[in-house]
Amino acid sequence: MSGTSSTLRPPADAVAPVRHPDAPAPGEPLGSHYEHCFGCGGAQTHGLNLAARAGEGVKIIAEFTVQAAHQGAPGLAHGGVLASALDETLGSLNWLLRTIAVTGRLETDFVRPVPVDTVLYLEAEVTAVAGRKIYSTATGRIGGPGGPVAVRADALFLEVKVDHFIDNGRQEEIQAAMSDPDQVRRARAFEVNP
């Protein structure tokens, strides 16, 4: 991205990201981390229902279809919805690092309008890690991996402990997630940026 702020440029001592040995295999669908997540949850009627899968290295590939409920101007996706799709895709990268992290900063460039009923193809990768800071970038293309670029983003994620969610989330949802008898769903609810 041109004009990226200095906050999103990795420091000189940053290291290359390393895919965790227990990360999902390339091509494997990631599924929803939490069914009520606006970005990836199936329980959100007007959510993005973003479908992500692991890529090679420390990359994620995702898709979502812009629905009528996602409009800003008539027939076009709302910029905030597009930023949410980028944020969700970038947040999914943390599955490959097996790290709990939240968005610290997100800078988005809107390159071209995205019409309703368009499939937005998103690709994201971690570019560097410096202590608790995870630097990443993403691109959204219209219609497929070779389509025209519609949106781009650079992001900084910060590694956190699970207490971040427990201490700051609405207690009804926290208790419901923690009471889920399915251990996998219970753990996943707190693993990716909300």
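Keep in mind the model is a prediction, meaning the values are calculated, not measured.

A.B. asks: Help me understand the overall build of the protein, please; the structure alone is not making it clear to me.
C.D. replies: Each helix and strand counted, the protein has 5 helices and 6 strands in total. Every one of the 194 residues in the protein was classed for burial, and the buried ones make up 42%. Restricting the contact set of the protein to residue pairs at least 6 apart, pairs at least 24 apart contribute 67%. Surface exposure of the protein reaches about 9600 Å², of which carbon and sulfur atoms provide 52%.

A.B. asks: Sorry, what's going on with the nonpolar core here?
C.D. replies: In a soluble, globular protein the nonpolar side chains are often hidden away together inside. In this structure, Leu50, Phe64, Leu90, Val114, Leu120 and Leu122 are the most contacted members of the largest nonpolar core, which totals 37 residues. Sorting the residues of this core by element identifies β1 (51-54), β2 (59-65), α1 (79-92), α2 (94-97), β4 (119-130), β5 (133-142) and β6 (149-159) as the ones contributing at least two each. Grouped together as the second largest cluster of nonpolar side chains are 5 residues, Leu8, Ala128, Tyr135 and Leu156 included.

A.B. asks: Could you clarify how one ought to interpret the side chain of Ser5 in this entry?
C.D. replies: Locating Ser5 in the fold gives a position in the segment before β1. Overall, Ser5 belongs to the buried group, its relative accessible area being 18%. Here the side chain of Ser5 touches Arg105 through a polar contact of 3.4 Å, side chain to side chain.

A.B. asks: Got a minute to help me understand the pairing of β2 in this structure?
C.D. replies: Within a regular strand, the side chains alternate between the two sheet faces. Sheet topology places β1 next to β2; 4 bridges connect them, and they run antiparallel. If you follow Ala51 over to β2, its bridge partner there is Glu63. Here β1 folds back onto β2, and the loop between the two strands holds 4 residues, one of which, Gly57, carries a positive phi near 60°. In this structure, β2 lies alongside β4, joined through 7 bridges in antiparallel fashion. Its bridge partner being in β4, Ile61 is matched across the sheet by Glu123.

A.B. asks: Help me understand the pattern of salt bridges, please; the structure alone is not making it clear to me.
C.D. replies: Two side chains carrying opposite charge are able to pair once their charged atoms lie near each other. Counting across every chain of the model gives 2 salt bridges. For Glu107, the salt bridge is made with Arg105, and the minimal N-O distance between the two is 3.1 Å.

A.B. asks: Could you clarify how one ought to interpret unusual backbone geometry in this entry?
C.D. replies: Working note: non-glycine residues mostly have negative phi, and peptide bonds are mostly trans. Here the phi dihedral of Arg98 falls at roughly 55°; this positive angle occurs in a residue that is not glycine. Along the chain, Arg98 turns up in the loop between α2 and β3 (101-110). Positive phi outside glycine occurs at Asp117, with the angle close to 75°. Mapped onto the secondary structure, Asp117 falls in the loop between β3 and β4.

A.B. asks: Explain the environment of Glu28 here, please?
C.D. replies: Within the fold, Glu28 resides in the segment before β1. You can call Glu28 partly exposed: its relative accessible area is 38%.

A.B. asks: Would you mind showing me how to read the environment of Gly104 here?
C.D. replies: Topologically, Gly104 is positioned in strand β3. Residues Gly104 and Thr7 lie 97 residues apart in sequence; the distance between their C-alpha atoms is 9.9 Å. Not counting the four nearest positions on each side in its chain, Gly104 is found in contact with Leu156, Phe157 and Leu158.

A.B. asks: What am I meant to see in the sheet that holds β2 here?
C.D. replies: For sheets, the rule is that strands pair by backbone hydrogen bonds, running either parallel or antiparallel. An order of β1-β2-β4-β5-β6-β3 is seen for the 6 strands of this open sheet, with the pairing classed as antiparallel. Either end of the sheet is taken by a strand with one partner, and the two such strands are β1 and β3. Strand-to-strand twist in this sheet, taken as the mean axis angle between neighbours without regard to direction, amounts to 20°. Pairing geometry for β5 and β6, over 9 bridges, is antiparallel. In the sheet register, Lys133 faces β6, and the bridge partner there is Leu158. Packing against the sheet, α1 makes contact with β1, β2, β3, β4, β5 and β6, and its axis sits at approximately 50° to β6.

Basis of the calculations
Residues numbered from 1 in each chain as written. Predicted model: local features only at pLDDT ≥ 70, side-chain atom pairs only at ≥ 80, totals over all residues. Heavy atoms only, no water. Helix = DSSP H or I, 4+ residues; strand = E, 2+ residues; numbered from the N terminus. Buried < 20%, exposed > 50% of the residue type's maximum accessible area, 1.4 Å probe, protein only. Contact = heavy atoms within 4.5 Å. Areas by Shrake-Rupley, 256 points an atom, 1.4 Å probe, with all protein chains shown as cover. Core = buried A, V, L, I, M, F, W, Y, C linked by side-chain atoms within 4.5 Å. Polar contact = N/O pair within 3.5 Å; in protein donor to acceptor, adjacent residues only side chain to side chain. Pairing = 2+ DSSP bridges. Salt bridge = Lys/Arg side-chain N within 4 Å of Asp/Glu carboxyl O. Axes fitted to C-alpha atoms, helices over the stretch in contact; angles between N-to-C directions.

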